[in-house]
Amino acid sequence: MERVNVVGAGLAGSEAAWTLLRLGVPVRLLEMRPKRMTPAHGTDRFAEIVCSNSLGGEGETQAKGLLQAEMRLAGSLVMEAADRARVPAGGALAVDREEFSGYITERLSRHPLLEVVREEVREIPPGITVLATGPLTSEALAEALKRRFGDHFLAYYDAASPIVLYESIDLAKCFRAGRYGQSADYLNCPLTEEEYRRFHQALLEAQRHTPHEWERLGFFEACVPVEELARRGYQTLLFGPMKPVGLKDPRTGKEPFAVVQLRQEDKAGRMWSLVGFQTGLKWPEQKRLIQMIPGLENAEIVRYGVMHRNTYLNAPRLLRETLEFKEAEGLFAAGVLAGVEGYLESAVTGFLAGLNAARKVLGLPPVAPPEESMLGGLVRYLATANPEGFQPMYANWGLVPPVEGKAGKKEKRQAMYRRGLQAFSEWLFSLMPLGRESLAQTEA
């Protein structure tokens, strides 16, 4: 049987490889780390998480909750790892980074049909291939894609939040709480109006390590650096990562003027990240600013925020809803390279690309899930969005058809969740013998 190339062993590539292997298709997984590292990665493990450790909100009212449920139905390795490595995060699914990537690496590595090649891919490989090289696609492969398909690339700068050591936090100045009475999984550092004013001014004056042309680049609006938010206006942060709405300081019984939230990063609770504080500031500036926050005056930073260039395809011009290139039969894209944003979105497109690559090997046509499912809505958006000014898309209720009726927002979303999950389940069954029963099988 033909061996399928999967280029990149991030979340998308790992899920694509897993899907192919479980359908009995041999895989050549090509990963350039550790021979060539990226500005964001620190290990050679598969599915290494380099930004937030959250995989999004859970439950029937959350768009990412529907995507999680669909992935579990499909036998996702990423969801299997996430369920094993989860850490407390209120209504969100968050994971211990090391346990998560370690589990995926171990599960994939011992599969007898997998061949791992540690080298940089500089040209599009011949044969059936899934490109899942992520936001940090190497310059050589990006140029190869441009030569093949034309200059249809867009770029934006993404940023990761700093992480501090729990034992260095002054807990006497913080309080545990979740918004609107949710479980108290977050540490909250309240600021007075004067403290916020000084912090905002310091952000405006802080030095960035990104180039001057950064100011002319378009940001993906779900991941704008905190210093850029500060530049947009005095109150912007108060409606963003520092909003106090829904939080009451138990010591005063009042809502703070502003608040910085910290979320647990590892299962042991030793590391906590500043929620929404993705940043591209120079490291000394990050330390100075973080230590201006009440409770973090002596914070020990175990990982600084980083800024890096992300590369992705203009999906509406290049890809079908099956994630196959319009002008290259047997070539698929997945993950951020395909124009999605987020860990779950990357992984689930890896599943679909892997499924369709397997169908190519077996002489079957590529398929896409129904539009009522979150995956179906997502890939249809990629294939049909306006290519002018296209930006990466993440799971949201706007991707699937609304439900009719006079029910409230919560009830409508619950109905959309149940409808989407039912449609996705029926779609998997329709693929028999490549349906849910086959995809539920484990490796040999």
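Below or above, wherever it landed, is the structure these notes cover. Being a predicted model, the structure only gives us computed values, none of them experimental.

Moving on, we get to the overall build of the protein chain. Each helix and strand in the protein chain was counted, giving 13 helices and 16 strands. At 22 Å, the protein chain has a C-alpha radius of gyration in line with the 22 Å of a compact globule built from 444 residues. Each of the three principal axes of the protein chain carries a C-alpha extent, and together these read 65 × 50 × 40 Å. For the protein chain, the residues scored as buried account for 58% of the 444 residues in total.

All right, on to the side chain of S14 then. In this fold, S14 is placed in helix α1 (residues 11-22). Taking relative accessible area as the criterion, S14 reaches 1% and is therefore assigned buried. Side-chain polar atoms of S14 contact the backbone oxygen of G10, separated by 2.7 Å. S14 has contacts with G8, A9, F46, A47, I104 and L108, leaving out every residue within four places of it along the chain.

Turning our attention to the layout of surface pockets. Considered as a void within the structure, the second largest pocket measures approximately 490 Å³ in volume. Around the second largest pocket, the lining is made up of 23 residues, and of these E48, I49, R97, I163 and R303 lie nearest the centre. Elements that contribute at least two residues to the lining of the second largest pocket include exactly α4 (97-109) and β14 (301-303).

So, about the sheet that holds strand β6 (residues 114-117). Spatial ordering of the open sheet is given by β6-β2-β1-β7-β16, a layout of five strands whose pairing is parallel. Edge strands, defined here as strands with exactly one partner in the open sheet, are β6 and β16 (331-333). Averaged over all adjacent pairs, the angle separating strand axes in this sheet is 20 degrees, with direction ignored. Pairing of strand β2 (residues 27-30) with β6 involves four bridges; the strand directions are parallel. Bridge pairing links V27 to L114 in β6. Relative to the sheet, α1 contacts β1 (4-7), β2, β6 and β7 (129-131), its axis offset from that of β1 by approximately 160 degrees.

As a further point, take a nonpolar patch on the surface. Taken together, the side chains of M1, L362 and L364 present a nonpolar region at the surface, about 280 Å² in accessible area. With respect to the helices and strands, M1 occurs in the segment before β1. M1 sits in the exposed class, given a relative accessible area of 62%.

Before going further, it helps to examine the nonpolar core. One broad rule of soluble globular proteins: the nonpolar side chains tend to lie buried together. In this structure, F100 and F325 are the most contacted members of the largest nonpolar core, which totals 102 residues. Looking at this core, the element that brings in the most residues is helix α10 (residues 343-361), giving 11 residues. If near-sequence neighbours (up to four positions away) are discounted, F325 is found in contact with L131, L145, F149, L313, L318, L319, R320, L331, F332 and A333. Listed in part, the 32 residues of the second largest apolar core include L187, A258, V260 and I293.

Take unusual backbone geometry next. With the exception of glycine, most residues fall at negative phi, and the peptide bonds are largely trans. Between R33 and P34 the backbone carries a cis peptide bond, its omega angle lying at 5 degrees. Structurally, P34 can be placed in the loop between β2 and β3 (54-57). A positive phi angle, close to 75 degrees, is found at L323, a residue other than glycine. Here L323 lies in the loop between α9 (315-318) and β16. By relative accessible area, L323 is classed as buried at 0%.

Where helix α6 (residues 193-205) contacts helix α8 (residues 283-290), the axes come no closer than 10 Å and their chain directions differ by 175 degrees. By the criterion of interaxial angle, the relationship of α6 to α8 is roughly antiparallel. Residues F199, A202, L203 and E205 of α6 lie in contact with α8, whose contacting residues are E285, R288 and L289. Of the residues in the contact of α6 with α8, the class split is four nonpolar, no polar and three charged.

With that out of the way, let us pick up the pairing of β2. As judged from the four bridges shared by β1 and β2, these two strands associate in the parallel manner. Residue N5 lies in a different strand from β2, and its bridge partner there is R28. Crossover β1 to β2 through α1 is right-handed.

This part takes up the packing of aromatic side chains. Tallied over the entire structure, the rule returns nine aromatic pairs. Aromatic pair F199 and F277: ring centres 6.1 Å apart, planes at 45 degrees, arrangement tilted. Of the two residues, F199 is situated in helix α6 and F277 in the loop between β13 (271-274) and α8; the sequence distance between them amounts to 78 residues. Feature note: the residues Y196, Y234 and F257 constitute an aromatic cluster, connected by ring pairs.

Of the two faces of strand β5 (residues 92-95), the one carrying A92 and A94 and the one carrying L93 and V95 are both buried. Strand direction decides the pairing type here: β3 and β5, joined by two bridges, are antiparallel. When the bridges of β5 are listed, S54 appears paired with A94. Pairing of strand β4 (residues 86-87) with β5, which is carried by two bridges, proceeds in the antiparallel orientation.

Below, the discussion takes up empty space enclosed by the protein. The full count for this structure, using the stated rule, is two cavities of 30 Å³ or more. Approximately 80 Å³ is the volume attributed to the largest cavity. Forming the walls of the largest cavity are P162, F199, L203, V226, L274, F277, T279, L281, E285, Q286, L289 and I290. For the lining of the largest cavity, the secondary structure elements donating two or more residues are α6 and α8. At four residues, α8 tops the list of elements feeding residues into the lining of the largest cavity. Of the residues contributing to the lining of the largest cavity, the split by class is nine nonpolar, two polar and one charged. Estimates place the volume of the second largest cavity at around 40 Å³. Around the second largest cavity, the lining residues are E15, T19, R22, M71, A74, G75, S76, V348 and F351. Those elements that place two or more of their residues in the lining of the second largest cavity are α1 and α10. With three residues, the top contributor of residues to the lining of the second largest cavity is α1.

Quick notes on the rules
Residues numbered from 1 in each chain as written. Predicted model: local features only at pLDDT ≥ 70, side-chain atom pairs only at ≥ 80, totals over all residues. Heavy atoms only, no water. Helix = DSSP H or I, 4+ residues; strand = E, 2+ residues; numbered from the N terminus. Rg over C-alpha atoms; globule rule 2.2 N^0.38 Å. Buried < 20%, exposed > 50% of the residue type's maximum accessible area, 1.4 Å probe, protein only. Polar contact = N/O pair within 3.5 Å; in protein donor to acceptor, adjacent residues only side chain to side chain. Contact = heavy atoms within 4.5 Å. 1 Å grid on protein atoms, 1.4 Å probe; cavity = no way out; pocket = protein on both sides within 12 Å on 5 of 7 lines; lining within 4 Å. Points joined across faces, edges and corners; volume = space filled by probe spheres on them. Pairing = 2+ DSSP bridges. Axes fitted to C-alpha atoms, helices over the stretch in contact; angles between N-to-C directions. Patch = residues over 30% accessible without salt bridge, like charges linked within 9 Å, V, L, I, M, F, W, Y side chains within 5 Å. Areas by Shrake-Rupley, 256 points an atom, 1.4 Å probe, with all protein chains shown as cover. Salt bridge = Lys/Arg side-chain N within 4 Å of Asp/Glu carboxyl O. Core = buried A, V, L, I, M, F, W, Y, C linked by side-chain atoms within 4.5 Å. Parallel < 35°, antiparallel > 145°, perpendicular 65-115°, else oblique. Nonpolar A, V, L, I, M, F, W, Y, C, P; charged D, E, K, R; others polar. Right-handed = clockwise from strand over helix to strand, strands pointing away. Phe/Tyr/Trp six-rings, centres within 6.5 Å; stacked < 30°, edge-to-face > 60°.

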